[in-house]
Amino acid sequence: MANGSPIVALKGVSKHFGATKALENVDFACHSGSTHAILGENGAGKSTLIKIMSGVLDPTSGTMEMEGKPVSFSKPSDAVDKGIVCIFQELSLVPDLSVAANISLANPPKRFGLIDHKAQNRIAEELLARINCADVNPNSLIRDLSLSRRQMVEIAKALGKNPKVLILDEATSALTSKDVETVYALLGQLKADGIASLFISHRMHEVEALCDTLSVFRNGTHVETFAKGTKSDADIVRLMIGREVGSHYPAKPNRPRPAPFLKIEQLAWERALKGVNLEVGKGEIVGLGGLDGQGQKELLLSLFGVMRGLQGTVTVDGTRIAPNSPAKAKADGANIALVPEDRKTEGLMLPMSIADNLIAASFNKVSNGPFIDGKKEDAAVRSAVEKLQIKVGDVENAVSTLSGGNQQKVVIAKWLMTDPDIILLNDPTRGIDVGTKQEIYKLMRELAEEGKAILFYTTDYAELIGCCDRVSVMYDGRIVSELEGDAITEEAIVAASLNIGTDGEAA
Amino acid sequence: MNFYKSLDSDTKPIIIALGFVIMILIVGTIYTLSTQGTAPLLRPSYVLQQLQVGSFLGIVAAGMMMVILLGHIDLSVPWTLTAAAMMATTVGGPMAIPTGIAVGLAVGLFNGLGVAYLRVPSMIFTLGVDQVMRGLMVAHTGGYAPDTDATPLMRFLAAEKIAGVPVAIFVWIAVSLVIALILQRTGFGRSVYATGNREAAAYLSGIRTKRVIIGSFMLSGACAGIAGVLLAGYSSQAYQGMGNPYLLPAIAAVVLGGTRILGGRGRYLGTVVGVILIVLLNSVLSIMQMPEAGRQIIYGSVIIGMLLVYGRNQAVTS
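Cut-offs and rules
- Residues numbered from 1 in each chain as written.
- Chains lettered and ligands numbered in written order.
- Predicted model: local features only at pLDDT ≥ 70, side-chain atom pairs only at ≥ 80, totals over all residues.
- Helix = DSSP H or I, 4+ residues; strand = E, 2+ residues; numbered from the N terminus.
- Rg over C-alpha atoms; globule rule 2.2 N^0.38 Å.
- Buried ≥ 20, exposed ≤ 12 C-beta atoms within 10 Å, placed from the backbone.
- Contact = placed C-beta atoms within 7 Å.
- Pairing = 2+ DSSP bridges.
- Right-handed = clockwise from strand over helix to strand, strands pointing away.
- Domains from an automatic or database assignment.
- Nonpolar A, V, L, I, M, F, W, Y, C, P; charged D, E, K, R; others polar.
- Core = buried A, V, L, I, M, F, W, Y, C linked by C-beta atoms within 7 Å.
- Axes fitted to C-alpha atoms, helices over the stretch in contact; angles between N-to-C directions.
- pLDDT = per-residue confidence, 0-100.
- Parallel < 35°, antiparallel > 145°, perpendicular 65-115°, else oblique.
- Expected span 1.5 Å × (residues − 1).
- Left-handed = near helix turned anticlockwise from the far one by under 90°.

Novice: I'd love a proper account of the overall build of chain B, names of residues and values included.
Specialist: Scanning chain B from terminus to terminus reveals 14 helices and two strands. Against the globule reference of 20 Å for 318 residues, chain B gives a C-alpha radius of gyration of 20 Å, in line with a compact fold. Summarising its shape, the C-alpha atoms of chain B cover approximately 55 × 55 × 35 Å along the three principal directions. Per-residue burial over chain B gives 50% buried out of 318 residues. Within chain B, residue pairs in contact and separated by at least 24 positions form 76% of the contacts whose partners lie at least 6 positions apart.

Novice: Quick one: what's the story with the overall build of chain A, residue by residue and with numbers?
Specialist: In terms of helices and strands, chain A carries 17 helices and 24 strands. At 25 Å, chain A has a C-alpha radius of gyration in line with the 23 Å of a compact globule built from 507 residues. Principal-axis analysis of the C-alpha atoms places the extent of chain A at approximately 70 × 55 × 45 Å. Within the span of chain A, comprising 507 residues, buried residues form 46% of the whole. A fraction of 68% describes how many contacts in chain A between residues 6 or more apart in sequence connect residues 24 or more apart.

Novice: Help me get a handle on the pairing of strand β16 (residues 311–316) of chain A, residues and values and all.
Specialist: Residues and elements named next belong to chain A. In the sheet, strand β13 (residues 260–269) pairs with β16 via five bridges, with the strands oriented antiparallel. Paired with Lys263 across the two strands is Thr315, which belongs to β16. In the sheet, β16 pairs with strand β17 (residues 319–321) via three bridges, with the strands oriented antiparallel. Looking at β17, one finds that Thr315 is bridged to Arg320. Linking β16 back to β17 in an antiparallel pair, the connection comprises two residues, with Asp317 at a positive phi of about 55°.

Novice: Any details on the pairing of strand β22 (residues 453–457) of chain A? Residues and values, ideally.
Specialist: Residue and element names in this part refer to chain A. In terms of burial, β22 is largely enclosed, as five of its five residues are buried. On β22, burial covers both faces: Ala453, Leu455 and Tyr457 on one face and Ile454 and Phe456 on the other are all buried. Where strand β15 (residues 285–289) and β22 come together, four bridges link them in parallel fashion. By the bridge assignment, Ile285 is partnered in β22 with Ile454. Pairing of strand β21 (residues 422–426) with β22, which is carried by five bridges, proceeds in the parallel orientation. Among the inter-strand pairings, Asn426 is bridged to a residue of β22, identified as Tyr457. Where the polypeptide runs from β21 across helix α15 (residues 434–449) and back to β22, its parallel neighbour, the crossover connection is right-handed.

Novice: Explain the interface of chain A and chain B residue by residue, including any values.
Specialist: Listed per partner, the contact involves 25 residues of chain A and 21 residues of chain B. Breaking the side of chain A that touches chain B down by element, the ones donating at least two residues are α10 (326–330), α11 (343–347) and β20 (371–372) of chain A.

Novice: Residue-level account of the domain arrangement of chain A, with values.
Specialist: Residue and element names in this part refer to chain A. Once the domains are mapped, chain A shows domain 1 (8–241), domain 2 (246–251 + 258–335 + 421–507) and domain 3 (347–419). Between domain 2 and domain 3, the C-alpha centre-to-centre distance is 26 Å. Taken together, the contact pairs seven residues of domain 2 with seven residues of domain 3. Partitioned by chemical class, the residues of the side of domain 2 that touches domain 3 number three nonpolar, two polar and two charged.

Novice: I'd love a proper account of the nonpolar core, names of residues and values included.
Specialist: Grouped together as the largest cluster of nonpolar side chains are 246 residues, with contacts concentrated most on Leu424 and Phe456 of chain A together with Val60, Ala227, Leu230 and Ala250 of chain B. The element best represented in this core is helix α11 (residues 209–234) of chain B, accounting for 16 residues. Those residues within four positions of Val60 of chain B in sequence are excluded, and the remaining contacts are Val77, Leu81, Cys223, Ala224, Ala227, Tyr246 and Ala250 of chain B.

Novice: Give a description of the environment of Ala106 of chain B that names residues and reports values.
Specialist: Residue and element names in this part refer to chain B. Along the polypeptide, Ala106 turns up in helix α5 (residues 96–116). Under the C-beta neighbour-count criterion, Ala106 is labelled partly exposed, with 17 such atoms within 10 Å. Through-space distance from the C-alpha of Ala106 to that of Ile207 is 23 Å; in sequence the pair is 101 residues apart.

Novice: Now, about the sheet that holds strand β12 (residues 221–227) of chain A: what can you tell me, with residues and values included?
Specialist: Residue and element names in this part refer to chain A. Spatial strand order, β6-β9-β10-β3-β11-β12: six strands in an open sheet with mixed pairing. In this open sheet, the two strands that pair with only one neighbour each are β6 (84–87) and β12. In this sheet, neighbouring strand axes are inclined to one another by 20° on average, regardless of whether the strands run parallel or antiparallel. Across four bridges, the pairing between strand β3 (residues 35–40) and strand β10 (residues 196–200) is parallel. Considered in β10, the bridge of Ile38 is made with Ile200.

Novice: Provide a residue-level description of the sheet that holds β13 of chain A, including the pertinent values.
Specialist: Residue and element names in this part refer to chain A. The strand order β14-β13-β16-β17 describes an open sheet built from four strands, whose pairing is antiparallel. Edge positions in the sheet fall to β14 (273–281) and β17, since each has one partner strand and no second. On average, each strand axis in the sheet is tilted by 20° relative to the strand beside it, whichever way the strands run. Where helix α9 (residues 296–303) meets the sheet, its contacts fall on β13, β14 and β16, and the angle it forms with β14 comes to roughly 65°.

Novice: Lay out the confidence of the model for chain A with the relevant residues and their values.
Specialist: Residue and element names in this part refer to chain A. The predicted model of chain A averages 86 in pLDDT, with 95% of residues at 70 or higher. Ranking the elements of chain A by mean pLDDT puts helix α8 (residues 233–241) last with 78 and strand β18 (residues 336–339) first with 96. Counting contacts from residues 502–507, a segment whose pLDDT is below 50, to residues more than four positions away or on other chains yields 10 contacts.

Novice: An account of the packing of helix α7 (residues 152–159) of chain B against α11 of chain B is requested, with residue identities and associated values reported.
Specialist: Residue and element names in this part refer to chain B. Between α7 and α11, the shortest axis-to-axis distance is 7 Å and the interhelical angle comes to 95°. Viewed along their axes, α7 and α11 adopt a mutual orientation that is roughly perpendicular. Residues Met154, Arg155, Leu157, Ala158 and Ala159 of α7 form the contact with α11, whose participating residues are Val229, Leu230, Leu231, Ala232, Gly233 and Tyr234. A per-class count over the contact of α7 with α11 returns nine nonpolar, one polar and one charged.

Novice: I'd like to hear about unusual backbone geometry, residue by residue, with values.
Specialist: Residue and element names in this part refer to chain A. At Gln266, a position not held by glycine, the phi torsion is positive, near 50°. Here Gln266 lies in strand β13. The phi dihedral of Asp476 is positive, around 55°, even though this residue is not glycine. C-beta crowding within 10 Å serves as the criterion here: with 17 such atoms nearby, Asp476 is assigned to the partly exposed category.

Novice: How would you sum up helix α2 (residues 12–35) of chain B? Please name residues and give values.
Specialist: All names here are of chain B. An ideal rise of 1.5 Å per residue puts 34 Å on 24 residues; α2 measures up with 35 Å between its terminal C-alpha atoms. Burial in α2 covers these residues: Pro13, Ile14, Ile16, Ala17, Phe20 and Gly28. At the exit of α2 stands Gly37, carrying a positive phi of roughly 75°.

Novice: Give a detailed account of the environment of Lys274 of chain A, specifying residues and quantitative values.
Specialist: Residues and elements named next belong to chain A. For Lys274, the position within the fold is in strand β14. Overall, Lys274 belongs to the partly exposed group, with 15 C-beta atoms counted inside 10 Å. Taking the C-alpha atoms as reference, Lys274 lies 43 Å from Pro370; in sequence the two are 96 residues apart.

Novice: Summarise the packing of helix α4 (residues 77–91) of chain B against helix α6 (residues 122–141) of chain B; cite the residues concerned and give the values.
Specialist: All names here are of chain B. Close contact between α4 and α6 brings their axes to 8 Å; oriented N to C, the two are set at 30°. When the axes of α4 and α6 are compared, the pair comes out roughly parallel. Pair α4 / α6 crosses with left-handed handedness. Here Pro78, Trp79, Thr80, Thr82, Ala83 and Met86 of α4 lie close against α6, whose contacting residues are Asp130, Met133, Arg134, Leu136, Met137, His140 and Thr141. The residue inventory of the contact of α4 with α6, partitioned by class, reads seven nonpolar, four polar and two charged.

Novice: How would you explain the confidence of the model for chain B if you had to name every residue and give the values?
Specialist: Summing up the model confidence of chain B, the mean pLDDT is 90 and the portion of residues at 70 or higher is 95%. In the predicted assembly, ipTM is 0.87 and pTM is 0.78.

Okay, here's the thing in structure tokens:
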């Protein structure tokens, strides 16, 4: 670890979003001339930390110091003025502007009050040359560049702000191997220049290769900071998990693995899915694990008929299906239901009534000919509310008046009304309270017992362990590991998620 | 005030619009009593005559509402209406009315395909279609009013009376019943609301959102076609630009009736009240012998003012 006083230090910083504690009493420091890795599971507070450091979020409590002096940023440009520059995961480039204009976007060089294009291009050329990207024409539009080149322009843009502290949030995930090499070299050069780099990556070998200091975060707290090489991979994984797996899950049945009902073979879609093989039997809950954005969402959506241009085959009960819309996916023959990721924008029509939301997927089940039968509708709505114990005052109230957990129940109830054979769940317990979570676990097991095939993606490893008969871990658009029975442990899931030591045996 | 607060947000605008209708009646009647000593606004025959004129607007607005509920708009109404009228009088005979409606359905289908599949914003696409229809009709007629006449059935539906009540009002009622039934009691109608609220959620619920969009535009076109047929019957013939005065009032009637311009909410009853409000406002302004310029200013100000009142009631959510 570098000596001397830190360039940035956080003292007792907390950040709460309502009842959620994203960061709790965090002390953290980083030093000039070091490359500092921040590790942690999804939701450990890494992103919140860098957002506070770069002025995107205000801490709820606590203070931040730079070079020993307290600072507080009300907006990102304040942080940039002080020398903290962040390269965010989501690209922050304007697609319809030129490379040069993007690099100088916040502070373009001016001549007589107008933008000096010559100077702007010169600045861009210098910065691009510095990161080995002299082949990028400063006049070309961002939209015409590949994702990897865009990310490099993003890095050039950040360097143009003369950072003292450079934060790279998953900045290498979109890069080609050649560009990754360039970034490695750049980080070495920055270190020599005395710049502090904060490096967030899920690729352990990158962290090993680049960083001199590692900090582990877990559940919004800073667990430990240590120098590279003082702990083994296994120790680091244990630090990242370090919590008890709850016992509030329903018991798993003990029986042989059922015959496959839903069978996915070599499913590929653009860059997100690279040949997925997966089987789900009736009565089985199969978990999808892995870090965010490894293709899990795309897998569920492609089964549901949302994606165009799929390759590979999907069979249900021996019959090949290729739905090209959710309407087809839910129809007879496939009978698939999807509880989507974001209930507020994808699962519900928030201003509409609870009743309207409940029947939105099954008009045909409550209608006589083209007309909706009021009695059938009432009966269906009432039985759905009872079955899932949705706490409602009046089913004619807007669904937005319900709590998050009850809203999610409405989404699930909507799909149960269609009587599906296959249920796809995309992180159904995100942001809902513990009590409702347990009800959903219980319901999932009941549905499985009724003979439904359930494919369950969650970012919470404890849920994978507690709920699933089998867990398939995805990494980079493939399933890299399939765990069953007692082999489903946090260590195994985390190791597979980070793709440590499983490269050779990837499926 | 408690009663007012207890109303749901779909009903409030209707109550406000209804209050405004009554206010216009009172102000208009006080004016006529003080200047002429009569109260024509309260005479049934006068009211029925106004409603007869209003029924053309009412039918256009009924179709427009379907499209606005989706968060779209149909600006092709003026020349769809004119084209339907011209083609109906050209064909003549028993096929006149089916031809007019078919023209409306065809234009609506074209609009729907453009908006749903090509994803062109409806404001642009239907504006373009309006121009195309105009060009086609000028080519068809040579730019003059066609010398063909409306059929007797068209005249009967638009200009005759049954038991003192204009037949056009019955046509408006029939169209209204169909639209209200579709919106409230069919899966298609519920899908329109769902799609207008949140297209992604509706699509992921397995609603065929493209068909919903196409169906709504076809209903809008059909309504414009019916209005065109009636209007040709009312004036005994079709003429250039006959649909132009109906576009803005139709949109205004729908929005004044409480339908959200961004789609997803609104009740059909509101559109009916909105139509009555606009017809009444026009007739009171003409009774007052307001010069045309002043009439336009007041007309526009009332629409903006009422929308401001609604805006204050609807908290910005989600």
